[in-house]
There are 2 protein chains.
Amino acid sequence: MKSDSGTGCQRVVIENISPEVDGGRFPVKRIAGDIVDVEAVIYADGHDTLLARLRYRHEKDRAWREAPLQSLSNDRWRGSFTAARMGKYYFSITAWVDRFETWRKDLRKRYDTGQMDLSLQFITGAGLIEKTLPKASRPDVSKIKNYLDMLNSEQVTRKKKVRLALSEVVRRLMAKYSERRFAISSPELAITVDRSKAGFSAWYEMFPRSASPEPGRHGTFRDVEARLPYVAGMGFDVLYLPPIHPIGNTRRKGKNNAVTARRGDPGTPWAIGSREGGFKAIHPGLGTLEDFRHLLAAAGDHGLEIALDIAFQCSPDHPYVQKHPGWFLRRPDGTVQFAENPPKKYQDIYPLNFESEDWRGLWEELKGVILYWAGQGVRIFRVDNPHTKPFCFWEWIIGEVKREYPDVILLAEAFTRPVVMYRLAKLGFTQSYTYFTWRNHKRDLTEYLVELTQTGVKDFFRPNFWPNTPDILHEYLQKGGRPAFMARLVLAATLCSNYGIYGPAFELLENTPREPGSEEYLNSEKYELKLWDIDRPDSLRDFIASVNRARRQNPALQRNLNLWFNFTSNDNLLCYSKHTADLSNIILVVVSLGPQGPQSGTVNVPLNAWGLNTDVTYQVHDLLSDARYNWTGEWNPVTLDPEVCPAHVFHIVDSAGLKRKD
Amino acid sequence: MKSDSGTGCQRVVIENISPEVDGGRFPVKRIAGDIVDVEAVIYADGHDTLLARLRYRHEKDRAWREAPLQSLSNDRWRGSFTAARMGKYYFSITAWVDRFETWRKDLRKRYDTGQMDLSLQFITGAGLIEKTLPKASRPDVSKIKNYLDMLNSEQVTRKKKVRLALSEVVRRLMAKYSERRFAISSPELAITVDRSKAGFSAWYEMFPRSASPEPGRHGTFRDVEARLPYVAGMGFDVLYLPPIHPIGNTRRKGKNNAVTARRGDPGTPWAIGSREGGFKAIHPGLGTLEDFRHLLAAAGDHGLEIALDIAFQCSPDHPYVQKHPGWFLRRPDGTVQFAENPPKKYQDIYPLNFESEDWRGLWEELKGVILYWAGQGVRIFRVDNPHTKPFCFWEWIIGEVKREYPDVILLAEAFTRPVVMYRLAKLGFTQSYTYFTWRNHKRDLTEYLVELTQTGVKDFFRPNFWPNTPDILHEYLQKGGRPAFMARLVLAATLCSNYGIYGPAFELLENTPREPGSEEYLNSEKYELKLWDIDRPDSLRDFIASVNRARRQNPALQRNLNLWFNFTSNDNLLCYSKHTADLSNIILVVVSLGPQGPQSGTVNVPLNAWGLNTDVTYQVHDLLSDARYNWTGEWNPVTLDPEVCPAHVFHIVDSAGLKRKD
């Protein structure tokens, strides 16, 4: 005679709680300061009235706080609380049948339908009120006794008694002491609350070894420091460095991924480890640990945070290979198994065997690596290929790291099947690489963004859009040239509050593939030092700076869930808007996705849906060109000449003044 | 170092299993003989190959059976099993990383990309094969040794070894002994398997006390027996009788719900219990228990099953009131609280207090009531107002009853908020009343049916459509007269595989409300005996018989999830179709929902979507009028004159012959 819907007197059902991920298996993600809106379906059998409360606490707090839940239509209830601090929050819902509220509702109904004799009702109500006396505080006791006297008095009129019973003051007092003996509580749901950069960031990736201004000299952290004003000047706030560790010599790759390196070839930074050390060591050519710490501080002075690369794989020379031979798979001939995806071979890289007998030792060691760099002051990590390591490893290690450093941000570099990418985000990665690079047409972009921002995905997956990476030079850039670079930059930076570029290849319009059909760069920086002429006159640095300025100055561009696609009359024109909840900031973006040549069309400004006047003239200000246009109503013409600029980022001037007054 | 996604070597994730209800909290519903299609998303980190099995068993079986799961796109897997018997089934999914399959895939890739030296691969493969020897059966051991010899032999060519390794026979043998040490199993999900009548039934409700052919004489079970050929002749297979128990005298209601009964007024059958007994007793005016059992048998001879009414509420004269005073709520003046929904009062009915101290005793007693009637041979129950009793009570009692009688069918008579109606279905009710009665327009009907047949609702909620009940005479029937009755009958009977009518009121077109705006019948049979002239020439009995005949002869009409709404050019014409999976039976229904007068329009027959030829002429046969039409292609004209008949139920003749041969 027991079931999990309660026994005997436990009659309330709480279901469909949102936000939640996989029935509470994983935490929801939010940013510190966010208001968390909680909804649930709450009901019981029969017609009794329910009360419900939202309970929540930060992981560091012992006590639960309570917020009210309001009843909406169709048994839905809603409440909210502010997730003020970083770290984990927990929340649950408690609901119960409330005798006094039920009585009040019944009394009101009888009174409204004209029932004259309410004496039995008053006796019942007095009985319910009386029951609260033993729990009530001293000042409340006297209030309660006073109400009781009135309800029981023969001198007080029926009308006055009803007015008293239905009063707000009595309602509040009774709710305070409501009998919760048979309350039902939902399971606790978790929220991971990150700092604001988790939700709004602009990344710049560069190879420090190519930061040298002198041809042929290996760049150093000092050179990177010299580059900081350049990167900060473009408006970025995260500077991500590929692995900074010693690089293996054994089977080192040569230029353009040649199987044999030539003398002086630097090898790929992802072949980690040599006699000089492994994941905690610094490549001698880049400098010392002290240099690195100096760079961290200098970057901070420029408003830049350094992000490091976590690539858990070893060169054949990594110290682990000798010290922990059990952490590597061996082939029948006794050699260590190198990384391979036939016909591709990565002879210079040994994967770690997460299924070794000593997996516990390996996990602990790797946790030590992240904690080591966090200890140096690094708080952002880009994690290489997380999808080739077990899911449970990531859930564990991220939990351990964030318990100590809740401000750590981890970006998952997984380009794999959708369910795997989403799983990694659920397990705890703060941000994730996406398929954006391969979404180049209107329908593809629209469908993908709707999936990311309007489905359950939005509660756990924070996209980070990259038009290029050292591994991915998309055909769109190869063939589209400068206008394509500009369009993809605007799309990444305005569709997605987190985005990044791999530079200076990006701003210098580097777009030659290793061979036709390949997404690899010719003479890729992955295998050689590069000398970049960042002062080239055709550089996109000023354009990038204007895009990042628009992002910083417009709060509408600092979120994703406010994205709204707008109709255009030309399928080569993509139009979308983002706005703040109060409509004080509205940005409307139009991007030409089309082939060469100017594109014209009419775009829709959904003024009516936003509750704005549709019959007025207003000014739109293009934050890229600084041009201003006077528009009227919902439909307005746009022409984009990609040779000039393939995008408008319009700010609607004085949008608050357009609000309908009805 | 542990999480529920596995530790160390447990790498597989199984999620999004379907069918399931609320994450497995409630069983899914199916009919005995149904093929249960199971899908899930199954994946692991990295690129290893997985194997997965569907495990299932009937509750009476100890051993689990296994069925294969096939990998589809995007990490989805699918498998199926037949739920052959009534009762509960359980199923789960087991999946694991398979070393041998991974090796085979890798070998194939290397071979296909032209790698010449595969000797290390053969050694690895032989090692995996060898590991199965200790587990293998004797005949398999010799096969395995044979394969090993071939793989290890220097005489066998590379090509032959590859062919052997990739052969189906080796794949099967290795799958049989696959290492499942680190397999992950999903939680077990339950399925309630009912008999076929749970999914396909035609109900006829009648008051036995009005079955008498003589004016003023109380009808008896014998009179009901005499009415059986009439009911069976119309094609019904369930005969549902309102409560057959003694009716209370205290505060008995008079005609038209008068507060005071006049001498001879029979009272409402839902005011249960008198000195003659309660829920297990029979109203003396209807006959004896022996008469009832005779009726059960006679009904069976006519292909009819008797359904009884479970209304757990008491008249003031019910024996419980004296024997178990604690089962009733008392008012402050000491009287028992009668049922009330201000301003409505049901002075003749005392609700049971499910929150009494002795709720356990009450639950046990009520369970005894259902088991008593099941013991008499009754297997179908219509349950009155289940939403006013606790959810946990229903989950418990239905579980208890179905454990003993898995063939019991319970119809929930809850007309309340959507979440409550759905909750009751989840808790175990076999069929449910619906909002059909209040869905009269094209959009309302379409939206509601899409909700019932194309959302998660379909897995737990079996709708039963009623155009009328003794409590509900909808305005549509009040104002629409005969054509409205015909249209609503066709809609109920063809939209929904389970449907019912309250007769003879329905076939005799009874449509006078107690007062304008009321859904109550004037001179409602709930409060008085009625004499029905079932032989009236305007009776719909023959029309009803033709509709039920169409249902019985066409398997397409015996299911709901095959419903498909088709476009029509006239919003007063609703068109929909149902077909069997093999398209051997296709029914296309057109119903006029409009106001008086003929309605014409073009209807779409989605031949192309069904994979049928669109450029041929075919015959449609109206199963109601027996008319035949030759149609061509997808668009054909229809005219319905409601004065003749407001509906076509077309059978597409020789639909299998229209299949495209491509």
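Note that this is a predicted model, so its numbers are computed, not measured.

All names here are of chain A. For the pair helix α3 (residues 138-152) and helix α5 (residues 168-176), interaxial distance at closest approach is 12 Å and the crossing angle is 125°. Classified by the interaxial angle, the pair formed by α3 and α5 is oblique. The two elements α3 and α5 meet at a crossing, and its hand is left-handed. Contacts between α3 and α5 involve Asp140, Lys143, Ile144 and Tyr147 on the former and, on the latter, Val169, Val170, Leu173 and Lys176.

A word on the pairing of strand β28 (residues 635-640) of chain B. All names here are of chain B. On β28, burial follows the alternation: Asn636, Val638 and Leu640 on one face are buried, whereas Trp635, Pro637 and Thr639 on the facing-out side are not. Bridge count for strand β25 (residues 599-604) against β28 is 6 bridges, and the pairing is antiparallel. Residue pairing in the sheet places Ser600 in a bridge with Thr639 of β28.

Let's shift gears to the packing of aromatic side chains. Residue and element names in this part refer to chain A. This model, assessed by the stated rule, comprises 80 aromatic pairs over all chains. Between the aromatic rings of Phe328 and Tyr350, the centroid separation amounts to 6.1 Å while the plane-to-plane angle is 65°, which identifies the pairing as edge-to-face. Linking Phe328 in the loop between α8 (319-323) and β15 (339-341) with Tyr350 in strand β17 (residues 350-351), this pair joins segments that are 22 residues apart in sequence. Neither residue differs from the other here; Phe328 and Tyr350 are each classed as buried. Sitting above the plane of the Phe391 ring, Arg423 keeps its charged end 6.0 Å from the centroid.

On to the relation of the copies chain A and chain B. Put simply, the second copy of the chain is the first one after a rotation about an axis and a shift along it. Superposition of chain A onto chain B requires a rotation of 180° combined with a translation of 0.0 Å along the rotation axis, giving an RMSD of 0.1 Å. As the rotation angle and translation indicate, the two copies are arranged about a two-fold axis. Across chain A, the rotation axis passes nearest the C-alpha of Gly23(A), at a separation of 3.8 Å. Mapped onto chain B, 100% of the interface residues of chain A are again interface residues, and the two copies thus contact each other with one and the same surface.

Turning our eyes to something else, we now look at the sheet that holds strand β6 (residues 70-71) of chain B. Residues and elements named next belong to chain B. Strand order in the open sheet formed by 4 strands is β1-β3-β7-β6, with antiparallel pairing between adjacent strands. At either end of the open sheet lies a strand with only one pairing partner, and these are β1 (12-18) and β6. Sheet analysis places β6 next to strand β7 (residues 76-83), joined by 2 bridges and oriented antiparallel. Within β7, the residue paired with Gln70 across the bridge is Arg78.

Once that is clear, we can look at the pairing of strand β23 (residues 573-579) of chain B. Residues and elements named next belong to chain B. β23 sits mainly inside the fold: 7 of its 7 residues count as buried. Covered by surrounding structure in β23 are Leu573, Cys575, Ser577 and His579 together with Leu574, Tyr576 and Lys578, the residues of both alternating faces. Here strand β22 (residues 564-566) folds back onto β23, and the loop between the two strands holds 6 residues. Where β23 lies against strand β24 (residues 586-592), 7 bridges are found, and the strand directions are antiparallel. Paired with Ser577 across the two strands is Leu588, which belongs to β24. Adjacent in sequence and paired antiparallel, β23 and β24 are bridged by 6 residues, among which Leu583 carries a positive phi angle near 65°.

Attention shifts here to the confidence of the model for chain A. Residues and elements named next belong to chain A. The predicted model of chain A has a mean per-residue pLDDT of 95, with 99% of residues at 70 or higher. Counting interchain partners and residues more than four positions distant, the pLDDT-below-50 stretch residues 1-6 has 17 contacts. Here the prediction assigns the complex a pTM of 0.93, and the interface score ipTM is 0.91.

Conventions adopted
- Residues numbered from 1 in each chain as written.
- Chains lettered and ligands numbered in written order.
- Predicted model: local features only at pLDDT ≥ 70, side-chain atom pairs only at ≥ 80, totals over all residues.
- Heavy atoms only, no water.
- Axes fitted to C-alpha atoms, helices over the stretch in contact; angles between N-to-C directions.
- Helix = DSSP H or I, 4+ residues; strand = E, 2+ residues; numbered from the N terminus.
- Parallel < 35°, antiparallel > 145°, perpendicular 65-115°, else oblique.
- Left-handed = near helix turned anticlockwise from the far one by under 90°.
- Contact = heavy atoms within 4.5 Å.
- Buried < 20%, exposed > 50% of the residue type's maximum accessible area, 1.4 Å probe, protein only.
- Pairing = 2+ DSSP bridges.
- Phe/Tyr/Trp six-rings, centres within 6.5 Å; stacked < 30°, edge-to-face > 60°.
- Lys NZ or Arg CZ within 6 Å of the ring centre and 35° of its normal.
- Least-squares fit on C-alpha atoms with pLDDT ≥ 70 in both.
- pLDDT = per-residue confidence, 0-100.

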